[in-house]
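Each chain, letter by letter, is given below.
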Amino acid sequence: MNYIMKNKDEIQADLVIIGAGMAGMAAAVFAANRGISAVVVGGAGAFEYSSGLLDLWALTNPDSGYCKDPWQGIAQIPKVRPRHPFLKIPESEIGMAFDELTDAFKQNSLTYTGLPRENSRIITAFGTTKPTYRFPMTMANNVTAFKEKKPLLLLDFQGLREFRAKFVQQVLSSTWQNINIAAIDFPQMSQRSELFAPLMAQAMETEQVQDKIVEAILPLLKGEQSIGIPAILGINGSENILKRLEEQLAVKIFEIPTSPVSVPGIRLKETFKKALADTSVTRLTGQRVLLTALKPGSEFILETGTNSGINTTRIQAKTCLLATGRFLSKGLISDRKGVKESVFNLPVDQPTDRERWHGETYFDPKGHAINRAGLITDEKFRPIGKEKGPAHENLYAAGSILAGQDWMRTRSGSGLSIASAFHAIGQIAKKLLS
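Residues numbered from 1 in each chain as written. Predicted model: local features only at pLDDT ≥ 70, side-chain atom pairs only at ≥ 80, totals over all residues. Heavy atoms only, no water.

## Brief notes about the sheet that holds strand β11 (residues 252–256)
Here comes step 1: With respect to topology, four strands assemble into an open sheet ordered β9-β8-β10-β11, the strand pairing being parallel. In this open sheet, the two strands that pair with only one neighbour each are β9 (179–184) and β11. Neighbour-to-neighbour, the strand axes of the sheet open up by a mean angle of 25°, direction not taken into account.
Here comes step 2: Note that strand β8 (residues 152–157) and β9 share six bridges and pair parallel. Along β9, the bridge assignment pairs Leu-153 with Asn-180. (Pairing = 2+ DSSP bridges. Helix = DSSP H or I, 4+ residues; strand = E, 2+ residues; numbered from the N terminus. Axes fitted to C-alpha atoms, helices over the stretch in contact; angles between N-to-C directions.)

Set out below in structure tokens:
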């Protein structure tokens, strides 16, 4: 494989990954692990808006409720989603994809945990529980506390709007009686009328702030077995911060994911950066594709840059992975005539007219057809072109842009992104070695 050769405004590589969300960044890690020279082009992704949880599969049939075993749910996909992308990926590959990615996270001080064949339930800032497959170690006691329902202290911070301990207590009260709540001022920020979780997390990385937090909490403890707090335990070193607080308070602590901007999501983004440092992968942060050339049998030539068009970069690559996401990230765009793919103008599988995009009700049990629109691919995850074969021999796709799935409804967004990226990179690696 060829490694990247750079000129001032030119890059040559084996692979260009378009998109820097979960699918694109996971693909970059998988590429780096295989020594593939790659360039990642895209914005910051939507990590700040994610919970930091890694879902695999949680809902096959709304009437049956959430799946305790995500693998059993995946096994039922052919009955309800015969064109789902998971059907192109062996179960063993899905498991390997999660293991390889979470191993990369752990090597960069962000440990994810979970059960081999079971979803766990995480208490959220809404007082509900979310089924998920893998979660940060700082939320491990969240799962245990909900299972055991022993005396719990929920902690508020004055001025933090993203979390209300009283609200969480009220929602959980029907099944969990012994929950106490308390509120404290966050050290060095008591004069602020409003607090922001990322700023609090950065401040939590100093032992001085940690000690002040401990000092404020100690008088509030009345025999509780654990303490639940909003997710603010640092951007870096969250596990060490958790351990230090638990040792000083002599009680288990767990984080509760909050609404955006999400600290666990920021941790994910920062960990991806660390995992890709000093590897065969180059990141063009904040850039987007301005021009492309897609000719059968030829290499990919892309021009990238910022919205201003200043300081553009020319990329020449043997293969390309499209991981641009859906409408919010503008991987797909829509108008009155229909849905289009935004980079290569690839055919998009979609309802025949706009009237068929949505069901009659918002909570239609069948879901909405527009949510399953996207790119149809072959078994190698190469998008199908207008001539019913691969649009390009060396063009691949991964993540939520794929047709036939409804990741939000089935609670499978991370699983879809991670597994399809793993499978596509596997195919690309074989191609480059052939």
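What follows picks up the thread again.
## What to know about the packing of aromatic side chains
Here comes step 1: A complete count under the given rule lists ten aromatic pairs for this structure.
Here comes step 2: Centroid distance Phe-30 to Phe-422: 5.1 Å. Interplanar angle 90°. Geometry classified as edge-to-face. Residue Phe-30 is located in helix α1 (residues 22–33), and its partner Phe-422 is located in helix α12 (residues 413–433); the two are separated by 392 residues in the primary sequence. Phe-422 shares its class with Phe-30; the two are buried.
Here comes step 3: Here the aromatic rings of Phe-105 and Phe-272 are separated by 5.2 Å at their centres, their planes lie at 85°, and the arrangement is edge-to-face. Here Phe-105 is found in helix α4 (residues 91–107), whereas its partner Phe-272 is found in helix α10 (residues 263–276), with 167 residues between them in sequence. As far as the burial class goes, Phe-105 and Phe-272 line up, both buried. (Phe/Tyr/Trp six-rings, centres within 6.5 Å; stacked < 30°, edge-to-face > 60°. Buried < 20%, exposed > 50% of the residue type's maximum accessible area, 1.4 Å probe, protein only.)

## Quick notes on the side chain of Asn-108
Here comes step 1: By the secondary structure assignment, Asn-108 is in the loop between α4 and β4 (112–113).
Here comes step 2: In this view, Asn-108 contacts Thr-271, Lys-274 and Ala-275; residues no more than four positions away in its chain are not counted. (Contact = heavy atoms within 4.5 Å.)

## Structural notes on the pattern of salt bridges
Here comes step 1: Considering all chains together, one arrives at 18 salt bridges under this definition.
Here comes step 2: Note that Glu-207 and Arg-244 form a salt bridge whose closest N and O atoms lie 3.5 Å from each other. Linking Glu-207 in helix α8 (residues 207–217) with Arg-244 in helix α9 (residues 238–249), this pair joins segments that are 37 residues apart in sequence.
Here comes step 3: For Glu-207, a relative accessible area of 49% gives the class partly exposed. (Salt bridge = Lys/Arg side-chain N within 4 Å of Asp/Glu carboxyl O.)

## Observations regarding unusual backbone geometry
Here comes step 1: In the segment running from Pro-260 into Val-261, the intervening peptide bond is cis, with an omega of 5°.
Here comes step 2: With respect to the helices and strands, Val-261 occurs in the loop between β11 and α10.
Here comes step 3: The backbone of Lys-330 shows a phi angle near 65°, a positive value even though the residue is not glycine.
Here comes step 4: You can see Lys-330 is positioned in the loop between β15 (313–322) and β16 (332–335).

## Quick word on α10
Here comes step 1: Over its 14 residues, α10 runs 20 Å from end to end, which matches the ideal 20 Å to within 8%, given 1.5 Å per residue.
Here comes step 2: Taken across its 14 residues, α10 has eleven buried, putting it largely inside the fold.
Here comes step 3: Within the sequence span of α10, burial applies to Val-263, Pro-264, Gly-265, Ile-266, Arg-267, Leu-268, Lys-269, Thr-271, Phe-272, Ala-275 and Leu-276.
Here comes step 4: Downstream of α10 by a residue or two, Asp-278 has a phi angle that is positive, lying close to 60°. (Expected span 1.5 Å × (residues − 1).)

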